[in-house]
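# Working through the structure, step by step
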Amino acid sequence: MSLLTGFDQPIEQSQHSFRLILKALSEPGHCVTLQGGPAWGALNAASTAALLTLADQETPLQLCEALKSEQVLTNIRFHSGAPLAANAQEVGFALFDAQLQAADLQALPHGSEISPEFGATVVVQLAGLEQGAALRLSGPGIEHQRVISPQLPPALLDYLITRPQRFPLGLDFLLTCGDRLLAIPRTTRVEVC
């Protein structure tokens, strides 16, 4: 299996991507562009950049079947050293496509009252970050409200609206399309417009 390129300038690009991902998380619904990164197989450029930036040897991963090819797994092991999680409760970072199901979300760790930081970060690759159902976001990082319209899978839309776990438990979401990314952390309230 051939190795694909990671960042051309690993230190500078990972620092730049980290700042952009942090901006997206601190300003929920604000779209950022992660330029100049590679795309590995079925992973788009933003998902690959998020992996290269956030995953390491201590970040157990889960990939849905559509994104889990030998080429992708080989490059993840080589570039980040991140292991595949032995079971769903170990997952620190999960990658899904638009076929995401409610059972997938329920199986992931949502943290605990004592350690909410152990809730998983979930990257979901979408067909588009616009032209979906209009959603109103409010909460920390949003002055009044922000309206977004990503093309969400039904299971993810239902999860975001109902938030089955009480805060501070939950999942943080990074939604990607091409080289663009927007975040919906667990602190954000989501309503259908």
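Residues numbered from 1 in each chain as written. Predicted model: local features only at pLDDT ≥ 70, side-chain atom pairs only at ≥ 80, totals over all residues. Heavy atoms only, no water.

### A few points about the nonpolar core
One finds F173 and L175 to be the most contacted residues of the largest nonpolar core, which totals 53 residues. Other than its neighbours up to four places away in sequence, L175 contacts V124, L126, L129, P150, L152, L156, R180, L181, L182 and I184. (Core = buried A, V, L, I, M, F, W, Y, C linked by side-chain atoms within 4.5 Å. Buried < 20%, exposed > 50% of the residue type's maximum accessible area, 1.4 Å probe, protein only. Contact = heavy atoms within 4.5 Å.)

### Some words on the layout of surface pockets
In this structure, the largest pocket spans a volume of roughly 350 Å³. Lining the largest pocket we find 21 residues, and of these T59, G92, E117, G119 and T121 sit closest to its centre. The set of elements that each furnish at least two residues to the lining of the largest pocket consists of α1 (10–26) and β7 (172–177). A per-element tally of the lining of the largest pocket places α1 first, with four residues. For the lining of the largest pocket, the class distribution of residues is twelve nonpolar, five polar and four charged. (1 Å grid on protein atoms, 1.4 Å probe; cavity = no way out; pocket = protein on both sides within 12 Å on 5 of 7 lines; lining within 4 Å. Points joined across faces, edges and corners; volume = space filled by probe spheres on them. Helix = DSSP H or I, 4+ residues; strand = E, 2+ residues; numbered from the N terminus. Nonpolar A, V, L, I, M, F, W, Y, C, P; charged D, E, K, R; others polar.)

### Here's the deal with helix α2 (residues 45–54)
In terms of burial, α2 is a largely internal element, nine of the ten residues being buried. Of all the residues in α2, the buried ones are A45, A46, S47, T48, A49, A50, L51, L52 and T53. One side-chain oxygen at the N-terminal end of α2 lies 3.2 Å from the backbone nitrogen of A46; it belongs to N44. (Polar contact = N/O pair within 3.5 Å; in protein donor to acceptor, adjacent residues only side chain to side chain.)

### Some points on helix α5 (residues 154–162)
By the burial criterion, the buried members of α5 are A155, L156, Y159 and L160. Buried positions in α5, seen along its axis, are confined to an arc of 130 degrees and lie on one side of it. Where α5 is buried, its residues contact α4 (102–107), β4 (121–125), β7, β8 (180–184) and β9 (189–192). At the C-terminal side of α5, R163 shows a positive phi close to 40 degrees. (Arc of directions from axis to C-beta.)

On their own, these measurements won't tell you what the molecule is for.
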